[in-house]
Amino acid sequence: MRYRNTLIPTSKEAPSDATSVSHILLMRAGCVRRVGTGIYEFLPLGVRVLRKIEAIIRQEMDRAGALEVLLPALLPSEYFKETGRWDLFGDTLMRLKDRKGTEYNLGPTHEEIITDLARREIKSYRDLPKNLYQIQTKFRDEPRPRGGLLRCREFSMKDAYSFDVDESRALDSYEKMRGAYTNIFDRMGFRYRMVQADSGAMGGSKSAEFQVLVQSGEDMVAACMQCDYAANLEVATSPPFPPQGPDPKSVPAPEKVHTPKAKTIEQVSKFLGAEPKQFLKSLVYVAGEGLVLVVVRGDHEVNDIKLARALGVDEVFLAAEEDVKKATAAPVGFAGPVGFRGRIVVDQDAASISDGITGANERDHHLKHVQHGRDFEGEVETIRNIIDGDLCPSCGASLGVYRGIEAGHIFVLGTHYSSKMNATYLDEKGESNALVMGCYGIGVSRLVAAIVEQHNDDNGIVWPMSVAPYQVLITQLGQEVEVVAAVAQLEKELEAAGIELLVDDREGRPGGKFKDADLIGIPLRLTVGKRSLDNGGVELKPRTEKNPKNAELVPLADAAKRAIDYVQKALEP
RNA sequence: CGGGGUGUACCUCAAUCUGGUAGAGGGCCGGCUUUGGGUGCCGGACGUUGCAGGUUCAAAUCCUGCCACCCCGACCA
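Every value quoted in this text rests on a predicted model; they were computed, and no experiment measured them.

Here the focus is the protein's contact with RNA strand B. Taken together, 45 residues lie around RNA strand B, and Thr 37, Arg 144, Arg 509, Asp 518 and Glu 539 are the ones closest in. Among all atoms of RNA strand B positioned within 4 Å of the protein, those belonging to sugar or phosphate total 49%. Interatomic distance of 2.7 Å between a side-chain N/O atom of Arg 140 and a sugar or linking oxygen of RNA strand B. At a separation of 2.7 Å, a base oxygen of RNA strand B approaches a polar backbone atom of Ser 532. Element by element, the count of residues in the surface near RNA strand B is highest for helix 14 (residues 510–520), at 7 residues. Taken together, the residues of the surface near RNA strand B break down into 11 nonpolar, 12 polar and 22 charged.

Shown next, in the form of structure tokens:
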């Protein structure tokens, strides 16, 4: 492809509404443009990346035995009404009516539609197992789209659904998908972890997320530095700390101390000369109807989702200042479990402190020598966030906490949808059973952004070869006859070898062309100019090589072969 | 939905506080110059200042209402 014949509108300046690296670079490199909040158009360069990603996904899905289908995006409301998700999805569902007033929604995901297909077309155990997938546009009225392609209202997703005779076969299907996903993310050059996730919402029995590790990620993941253990922060665990402090029997009775104006853990610990981990941090939460006093170690933080799960409620949030005053009879900052009338929940690592410091429920006062089980009662749960340095529950090594982008999610669904929609098959005995399902998603357009988040430098994008919009870029400097001829010769040889080639044949100064080359991030650059030819050939420089002086000068006759070798080597597994 | 911020040329932004002919840089078109990391100069096109009201001799600027977008929190590929 000749640059003059394509449309790659690059820009020196970052758009004002972009904050994430991927958003800025995809815009600057002319890959995408914003049309509305959470709605993007793909320009030629961006589409090529998208198609590369899709091709890898298709290959691996097909190889795992999945069958590609294409379901509609425009869905009559009856399907979502049948499972109750017409109401459950709430505002997130994009709804519309036709001229007759019939209700529709745009598909946010396709469990209902695929289950409908299955109940019509899959009748016998002989038809099983089946795994059907599609790559298709999804619509969700997100409360807050953000980060460019990272979180959109219209986005491309690969979704697959497996159907099996029973739970154990469903697990086989799940394992196959796990393997396919691993191949997919490996081939795209990601740094990622497969993590345990909270599978509650979808009603499934087993699930894992594929988290791409980047600073700008929305999710928090605790991952072991030694073994494979990795878990979403809301499900991550760590072994209980050994009891802290002196022998419990030797601890004197609680003693009230005056701590004027010291409210935060930091202030009080400084005032009393104690460490934060000796504190019983007490927080008042609203959970369902009532208030709950939550106690964690001073250097720990409460995880709201873990807390809600422990309490058996949908959600919890910190009580307002007024409610705290009412509940503790003291200003915020002096709450404590001793004498607190109401429900108390204690984190296991706070419960094991034998000699703790905590609020006295009285202005400017704290209590020393406080001990769970002796001085106050409270249900013991694990409700704190895992932090850097906590121990791995699997192997005992150190955990690290990372930010991640959820790029894929795999679930065993069970019969959640099939039983609601009466999707059954006949087994060998002629008995009717519900199909056992699994579902498997990958955010395809999100992957474009995730790749850029992980593969960039100060000058722009650095595409991995497997997903690069073009594999090789020829930067032509000058329009002299011998330069034009050399470029044409290289172009012919490379295209004959099936290399995806972009030739920057534009007029313009070298500086600008080099800047654009780095920005759009083609993995290998061949520079052809009068100077290089006089020096003996063309310059070959991988995008990963930052120093232009390290470009390699190769004879014109060898250049094409060298480039082809480079591309092939980069594509090897 | 709560909190914070921004709307001026295709893009990035000044001018708004203190009302008085709407500007710069980049990009784009034309010319000269330059030619290995965003050359320099000259000329040119591009605007209902988000929308609707109001105040005023006069509104980008002040007032009221609305809309859009971005960021921080509760959901998700």
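Next comes the rest of the account.
Before going further, it helps to spend a moment on the sheet that holds strand 16 (residues 316–318). The 5 strands are arranged 16-14-15-17-20 in an open sheet whose pairing can be described as mixed. Every interior strand has two partners, whereas the edge strands, strand 16 and strand 20 (379–381), have only one. The average angle at which neighbouring strand axes cross in this sheet is 35 degrees, direction not considered. Pairing analysis gives 3 bridges linking strand 14 (residues 280–287) to strand 16, with the strands arranged antiparallel. The residue of strand 16 that forms the bridge with Val 286 is Phe 317. Against the sheet, helix 8 (residues 304–311) touches strand 14, strand 15 (290–297), strand 16, strand 17 (343–347) and strand 20, its axis set at about 125 degrees to strand 16.

A few words now on the sheet that holds strand 18 (residues 356–359). One open sheet accounts for 3 strands, arranged 13-19-18; its pairing is antiparallel. Edge strands, defined here as strands with exactly one partner in the open sheet, are strand 13 (255–258) and strand 18. Along the sheet, successive strands turn relative to each other by an average axial angle of 30 degrees, direction set aside. Where strand 18 and strand 19 (residues 365–370) come together, 3 bridges link them in antiparallel fashion. Its bridge partner lying in strand 19, Gly 356 is registered against Val 370.

Positionally, Glu 480 belongs in the loop between strand 27 (472–477) and helix 13 (481–496). By relative accessible area, which is 32% here, Glu 480 ends up partly exposed. In the structure, Glu 480 is positioned 353 residues away from Asp 127 in sequence and 66 Å away in space, judged by C-alpha atoms.

Parameters at a glance
- Residues numbered from 1 in each chain as written.
- Chains lettered and ligands numbered in written order.
- Predicted model: local features only at pLDDT ≥ 70, side-chain atom pairs only at ≥ 80, totals over all residues.
- Heavy atoms only, no water.
- Near = heavy atom within 4 Å.
- Polar contact = N/O pair within 3.5 Å; in protein donor to acceptor, adjacent residues only side chain to side chain.
- Helix = DSSP H or I, 4+ residues; strand = E, 2+ residues; numbered from the N terminus.
- Nonpolar A, V, L, I, M, F, W, Y, C, P; charged D, E, K, R; others polar.
- Pairing = 2+ DSSP bridges.
- Axes fitted to C-alpha atoms, helices over the stretch in contact; angles between N-to-C directions.
- Contact = heavy atoms within 4.5 Å.
- Buried < 20%, exposed > 50% of the residue type's maximum accessible area, 1.4 Å probe, protein only.

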